[in-house]
Amino acid sequence: MPDRRAQTAGAVITRFAPSPTGPFQVGGVRSALFNYLYARQHKGKYILRCEDTDPVRSKKEYEDYFLEVFAWLGLEHDEYCRQSERGLLYGTYLNDLLSAGKAYISKEEPKKEGERAEVVRFKNPNKVVSFHDEILGDISVDTTDLGDFVIARDMQSPLYHFTVVVDDFEMGITHVIRGKEHVANTPRQILIQEAIGATRPIYAHLPLILSQDRKKLSKRDPNVTPALTYRDNGYLPEALLNFMALTGWNPGGEQEVFTKEELIKLFSLERVQRSDGIFNSEKLEWLNKEHIRRLSKEKLTAHIETHLPSGTKDLPGYSREMLSRIVPVIAERITHFGEVTLMANDGELDFYFKAPVYPKEKLFWKEDRDAVKLLNRLNVVADLIGRIHDAEFTQEQIKSAVWDYAETEGRGQVLWPMRYALSGKDRSPDPFQLAAILEKKETLERLKNAAAIIGKG
Ligand code: GLU
């Protein structure tokens, strides 16, 4: 049998081995990430292996799905393989085990009609298997209770424990970093390794990720979500990676926001916690906002534009230029970009791209129904604003132009109709910010329009 390990002695080789039996869940990202980080840190190799030996449950669409997840997250692999294409290799190893008497074909009494009468069983040496786990410490298990377990349904259909061991050996995997749910599989896999003469990799079994109520993530848990849902809801890949890294790994300092490059530098198996991690959605929101803050204006604008519904982009005043002016207002209010869609659908953005229409009563401040005074106030505000030079038409300048007047006349009496004239909304950013975004010409037009409505009586 070829020993590939000899060719790569010394180098770190990790792998992540998803089974394409459903849309890849967000919790699985962490194992992939840790394998990726560990390999990159050690200038080693990271292999992605599609474990599709189960012909009934494995689907191409789920393979495509996890490939899309890792492309989105930027967890590039150095090698890719599918177990379904490695049947010959597994057959060779199975034959060798059979001829060495380390496995045997077992005639079974079919439990149900149509069931197989033969399977391949591993001849269990019935011994205590001891191994060291980088996270969990030393583990010893008496394998006698496992009996002669099945390693293949037939010569063409090897099962998980067998294919994993053959592949890890053939690929020269040095570190098996995977979820703690696999720790119980390890003794079986070590027995198979010993039988085929494979070297034992270093094991690191990661703590579980629990839901916020501290239950193990189950299919019904809202946190167990297909990973691309996070992309579609406008989470940044860098935020999701950062979040996953902190769910189970302790960086050991004050810093919480990390880029992928920083994680590659800092990650260590020693700092992976033994206790289970919690999928803390608020933490993810917080991290996403922190990463949004770090985006360039250009990228931020592009993300926001992607999440705007077409109804907003079709408005007459819509332009990329206008959008880029409201980007800071939007960015301040969101933690993920999906909220942009909600804001737009609630009509909270329309007034930036089209003059608002509103009932004229809305322009009056509370019980103050004096139309003559209101008309005068709108005109004075328009006049004060009209004197600001175009080049100085900033939020601060607009505020200082109007502020004294608002103070003497009554803030609500002046600023409410001003804001309403600009937005047509009970709630919106303050009138100075709005005017600066709309710019001088549009601001004056909207104020004049409001005055005209009141003037009509
Ligand atoms: N294919 C296995 C799974 O999806 C992973 C096997 C392993 O990491 O050893 O759970």
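Bear in mind the structure is a predicted one, so any value in this text is a computation, not a measurement.

Conventions and cut-offs
Residues numbered from 1 in each chain as written. Predicted model: local features only at pLDDT ≥ 70, side-chain atom pairs only at ≥ 80, totals over all residues. Heavy atoms only, no water. Helix = DSSP H or I, 4+ residues; strand = E, 2+ residues; numbered from the N terminus. Rg over C-alpha atoms; globule rule 2.2 N^0.38 Å. Buried < 20%, exposed > 50% of the residue type's maximum accessible area, 1.4 Å probe, protein only. Contact = heavy atoms within 4.5 Å. Areas by Shrake-Rupley, 256 points an atom, 1.4 Å probe, with all protein chains shown as cover. Lys, Arg positive; Asp, Glu negative; His and termini not counted. Charge placed at Lys NZ, Arg CZ, Asp CG, Glu CD. Near = heavy atom within 4 Å. Polar contact = N/O pair within 3.5 Å; in protein donor to acceptor, adjacent residues only side chain to side chain. Nonpolar A, V, L, I, M, F, W, Y, C, P; charged D, E, K, R; others polar. Pairing = 2+ DSSP bridges. Axes fitted to C-alpha atoms, helices over the stretch in contact; angles between N-to-C directions. Disulfide = S-S within 2.5 Å. pLDDT = per-residue confidence, 0-100. Phe/Tyr/Trp six-rings, centres within 6.5 Å; stacked < 30°, edge-to-face > 60°. Lys NZ or Arg CZ within 6 Å of the ring centre and 35° of its normal. Core = buried A, V, L, I, M, F, W, Y, C linked by side-chain atoms within 4.5 Å. Parallel < 35°, antiparallel > 145°, perpendicular 65-115°, else oblique.

This part covers the overall build of the protein. For the protein, the helix and strand inventory stands at 18 helices and 12 strands. Taking 2.2 N^0.38 as the reference for a compact globule, 457 residues should give roughly 23 Å; the C-alpha atoms of the protein span a radius of gyration of 32 Å, well beyond that estimate. In terms of its C-alpha atoms, the protein occupies a principal-axis envelope of roughly 105 × 50 × 35 Å. Taken across its 457 residues, the protein has 49% of its residues classed as buried. Sequence separation of 24 or more characterises 73% of the internal contacts of the protein that already satisfy a separation of 6 or more. Carbon and sulfur atoms provide 50% of the accessible area of the protein, an area that totals close to 22200 Å². Positive and negative side-chain charges of the protein, numbering 64 and 68 respectively, have mean locations separated by a distance of 1 Å.

Time to look at the site of the ligand. If you check the shell around the ligand, you find Arg15, Ala17, Ser19, Glu51, Tyr160, Arg178 and His182 and nothing else. Ala17 is positioned with one of its backbone polar atoms (N or O) 2.7 Å from a nitrogen atom of the ligand. At a separation of 2.7 Å, an oxygen atom of the ligand approaches a polar side-chain atom of Arg178. In isolation the ligand exposes 300 Å². Once the protein is present, 79% of that is buried. Split by residue class, the shell around the ligand holds two nonpolar, two polar and three charged.

The next subject is unusual backbone geometry. Phi at Lys43 is positive, roughly 50°, even though this residue is not glycine. Tracing the backbone shows Lys43 in the loop between α1 (29-41) and β2 (45-50). In this structure, Lys366 is a non-glycine residue whose phi angle is positive, near 45°. Its location among the elements puts Lys366 in the loop between α14 (350-353) and α15 (371-386). Under the relative-accessibility criterion, Lys366 is labelled exposed at 58%.

Another point: the sheet that holds strand β8 (residues 150-152). The sheet built from three strands is open, its strands ordered β4-β5-β8 with antiparallel pairing. Across the chains shown, the open sheet's two edge strands, defined by having one partner strand only, are β4 (103-107) and β8. Strand-to-strand, the axes of this sheet are offset by a mean angle of 50°, without reference to chain direction. Pairing between β4 and strand β5 (residues 118-122): five bridges, direction antiparallel. Opposite Tyr104, over in β5, you have Arg121 as the bridge partner. Docked against the sheet, helix α3 (residues 87-99) engages β4, β5 and β8, running at close to 90° with respect to β4.

In this section: the state of the cysteines. The tally for this structure, following the rule as stated, stands at zero disulfides. Cys81 provides the cysteine sulfur closest to Cys50, a residue in no disulfide bond, and the two sulfurs are 8.3 Å apart. Classification of Cys50 as buried rests on a relative accessible area of 0%.

Moving on, we get to the confidence of the model for the protein. Across the protein, the average pLDDT comes to 94, with 96% of residues at 70 or higher. Contacts of residues 1-8 to residues separated by more than four positions or lying in other chains number 13 contacts, the stretch itself having pLDDT below 50.

Under the defined criterion, the tally for this structure stands at 20 aromatic pairs. Ring geometry for Phe16 against Phe24: centres 5.8 Å apart, planes inclined by 85°, an arrangement best described as edge-to-face. Overall, Phe16 belongs to the buried group, its relative accessible area being 10%. When its relative accessible area of 10% is taken as the criterion, Phe24 is described as buried. By the ring-pair criterion, three or more aromatic residues cluster together here, those being Phe16, Phe24, Phe66 and Phe70. Directly above the aromatic system of Phe149 lies the positively charged group of Arg188, at a separation of 5.6 Å from the ring centroid.

Phe24, Phe34, Val69, Phe70, Ile151 and Phe162 are the most contacted members of the largest nonpolar core, which has 79 residues in total. If one sorts the elements of this core by residue count, α1 sits on top with eight residues. The contacts of Phe24, once residues within four sequence positions are left out, are Phe16, Pro18, Val29, Tyr65, Phe66, Val69, Phe70, Thr225, Pro226 and Ala227. With 55 residues, the next largest nonpolar core counts Tyr318, Met322, Leu323 and Phe393 among its residues.

The interhelical angle for the contact between helix α17 (residues 411-423) and helix α18 (residues 431-455), taken along N-to-C directions, is 85°, at an axis separation of 8 Å. Viewed along their axes, α17 and α18 adopt a mutual orientation that is roughly perpendicular. Listed contacts from α18 to Leu415, Met418, Arg419, Ala421, Leu422 and Ser423 of α17 are Pro431, Phe432, Leu434, Ala435, Leu438, Thr443, Arg446, Leu447 and Ala450. Residue composition of the contact of α17 with α18, grouped by class: 11 nonpolar, two polar and two charged.

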